[in-house]
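Structural description and commentary
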Amino acid sequence: MEDVLIVELFFRRDESAITETARKYGPLCRSIAINLLGSPEDAEECVNDVYERAWSSIPPQRPEKLGAWLGKLARNVSVDRFRRERAQKRFNGVETALTELEECLPSPDTPEREMESRELGAAISAWLRRQSEEDRALFVRRYFSGEALRSIARDMGVPENRLSQRMTRLRRSLRDALSKEGIAV
Amino acid sequence: MSERSLKLFEGVAHIDDDLIESALSYRPASRQKRRRMIVSLAAAAAVLAVVILAGVPLMSKYLPDSTMAPTSPAAPPPGMEPSDPSSVSGNGTTCEPMPSPEPSPAPAPEPSAPEPEAPESSEPSAPQESIPASEKKLIIGYAVYPHYASLRELAERSDYIIFGTVMSKKYEWMSLRIEDNSDEKYLDPGGDADNGLTLVTIFDVNVANDYKAAASTGGVIKVLVLGGETEDTIYKIDGSPEIRIDEKYIFFLSKGSTVDNGAWLLNDTQSLYLTDGDTISSVTKDGFELSFEALDKLME
């Protein structure tokens with residue numbers, strides 16, 4: 001089903017929107033979640049969260065690129081879960097004390113931080129547009145989807161070590177580009 | 001995760017949508033060239049659709065010797081006639097009949113015959129090397145496999161779990177029909193089912209250790225995987241793992257009655273693990289973390 005029709009189903013509050021979304025983009029969301037979390041069980045829960053969030057976000061939102069929009073949602077949900085689980089594993093005394101002290105610092109989820117992230121995203125996007133189509137795909141699959149280098153290498157039919165060197169060059173190029181933009185990371 | 005990494009990680013989340021979309025759908029030029037013909041193997045998708053629709057209990061009732069593995073990919077799904085050149089299976093996958101070998105396959109065997117009369121080209125064959133693999137036509141099929149939530153579940157559903165070395169492989173056109181005398185219209189392909197053959201790769205695996213009932217240690221088991229190569233064509237199930245000669249693997253297998261001492265990979269997404277004898281890594285992206293210690297513990 002075309003994306004625009006799926007979005008229309010969301011707007012009509014038709015529950016088949018979820019079915020169609022799962023059918024078309026379930027594998028994408030699941031692979032991102034598994035890449036980032038490493039656990040199929042956790043990934044499955046994240047994918048369900050993605051559908052829930054999509055249901056509550058559309059409307060009012062009307063994503064133009066539904067696949068990318070859902071991919072971002074899957075990434076965010078997975079990262080949130082990763083952080084939550086990491087926090088829960090901090091049981092030893094030092095970690096607990098440090099975690100308590102962290103509360104004294106301003107929350108990282110400030111509007112300034114969000115704006116900073118968006119600026120960084122725009123700079124990375126501008127840099128990506130200057131790369132070859134293949135390098136763009138490499139970067140997005142590795143750092144957006146969290147796909148393992150081995151898996152990408154296998155899919156692209158190149159040796160893993162060669163791909164690794166290429167990724168190093170790409171990261172260096174990104175660092176130079178961000179420096180020129182005056183963006184300090 | 002350092003603060004710098006975190007900032008970059010968050011920044012990547014704001015990459016423009018069009019870049020993400022095009023990157024995720026990107027295929028290397030070499031693969032695009034090879035994907036001139038995208039054809040679904042009615043075979044795998046069809047039976048697996050039936051499997052999914054019917055559910056395990058029903059399947060086990062009618063297929064006592066088979067499992068969720070694609071034991072009969074030649075059977076059409078409900079509503080899909082074998083002669084229908086392009087139907088949509090139950091899982092939404094566009095299906096076309098499994099291409100037949102050249103020359104045409106032999107007539108359908110009588111239901112009582114244990115094995116179909118094999119056409120000349122269905123004889124076991126060595127890998128075809130007359131045309132370089134990169135220049136062969138690539139036909140990709142799609143299959144939906146059951147997903148196992150845990151390593152324990154995967155192990156429980158496996159008939160065999162073995163650690164072995166791949167010695168050789170061959171390709172064979174096989175009739176994967178399941179003979180059954182029940183009156184079930186769709187699950188009994190013994191009546192008017194199509195007589196198509198399916199290309200299968202058969203790997204001879206020298207068993208170093210069997211964790212779950214299989215060929216005895218030192219014996220050879222045949223591992224069957226859908227797809228294979230002919231002189232000019234490669235038939236592949238999308239996402240199926242690559243199994244290499246001389247490599248050592250842990251296999252989670254499902255017994256099949258098609259070939260003596262043969263077994264199918266339980267699924268294409270979680271059932272194959274590469275090992276050097278010390279460490280184990282999943283060959284497929286949905287595989288589990290596995291170690292020999294975990295395997296021993298699992299089998300206790």
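To be clear, the structure that these remarks concern was listed above.
Residues numbered from 1 in each chain as written. Chains lettered and ligands numbered in written order. Predicted model: local features only at pLDDT ≥ 70, side-chain atom pairs only at ≥ 80, totals over all residues. Heavy atoms only, no water.

Attention now goes to the interface of chain B and chain A. Of the residues lining the interface, 34 residues belong to chain B; the matching set on chain A comes to 44 residues. Surface buried jointly by chain B and chain A totals about 3,900 Å² across both partners, of which 58% is contributed by carbon and sulfur atoms. Of all residues in chain B, the largest losses of buried area upon contact with chain A belong to Lys 7, His 14 and Tyr 26 of chain B, amounting jointly to 16% of the total for that side. If you look at where chain B meets chain A, you find four salt bridges. The shortest N-O distance in the salt bridge between Arg 129 of chain A and Asp 18 of chain B comes to 3.0 Å. At the boundary of chain B and chain A, one finds ten residue pairs in polar contact (both at pLDDT 80 or more). Mapped by element, the contributors of at least two residues to the side of chain B that touches chain A are helix H1 (3-12), helix H2 (17-24) and strand E12 (280-282) of chain B. For the side of chain B that touches chain A, the leading source of residues is H1 of chain B, giving nine residues. (Contact = heavy atoms within 4.5 Å. Buried area = accessible area lost by both parts, 1.4 Å probe. Salt bridge = Lys/Arg side-chain N within 4 Å of Asp/Glu carboxyl O. Polar contact = N/O pair within 3.5 Å; in protein donor to acceptor, adjacent residues only side chain to side chain. Helix = DSSP H or I, 4+ residues; strand = E, 2+ residues; numbered from the N terminus.)

Here the focus is the packing of helix H7 (residues 133-144) of chain A against helix H9 (residues 160-180) of chain A. Residue and element names in this part refer to chain A. Closest axis-to-axis distance for the H7/H9 pair is 11 Å, and the angle between their directions is 90°. By the criterion of interaxial angle, the relationship of H7 to H9 is roughly perpendicular. Together, Glu 134, Asp 135, Leu 138, Phe 139, Arg 142 and Tyr 143 of H7 and Leu 163, Arg 166, Met 167, Leu 170, Arg 171 and Leu 174 of H9 make up the contact between the two elements. (Axes fitted to C-alpha atoms, helices over the stretch in contact; angles between N-to-C directions. Parallel < 35°, antiparallel > 145°, perpendicular 65-115°, else oblique.)

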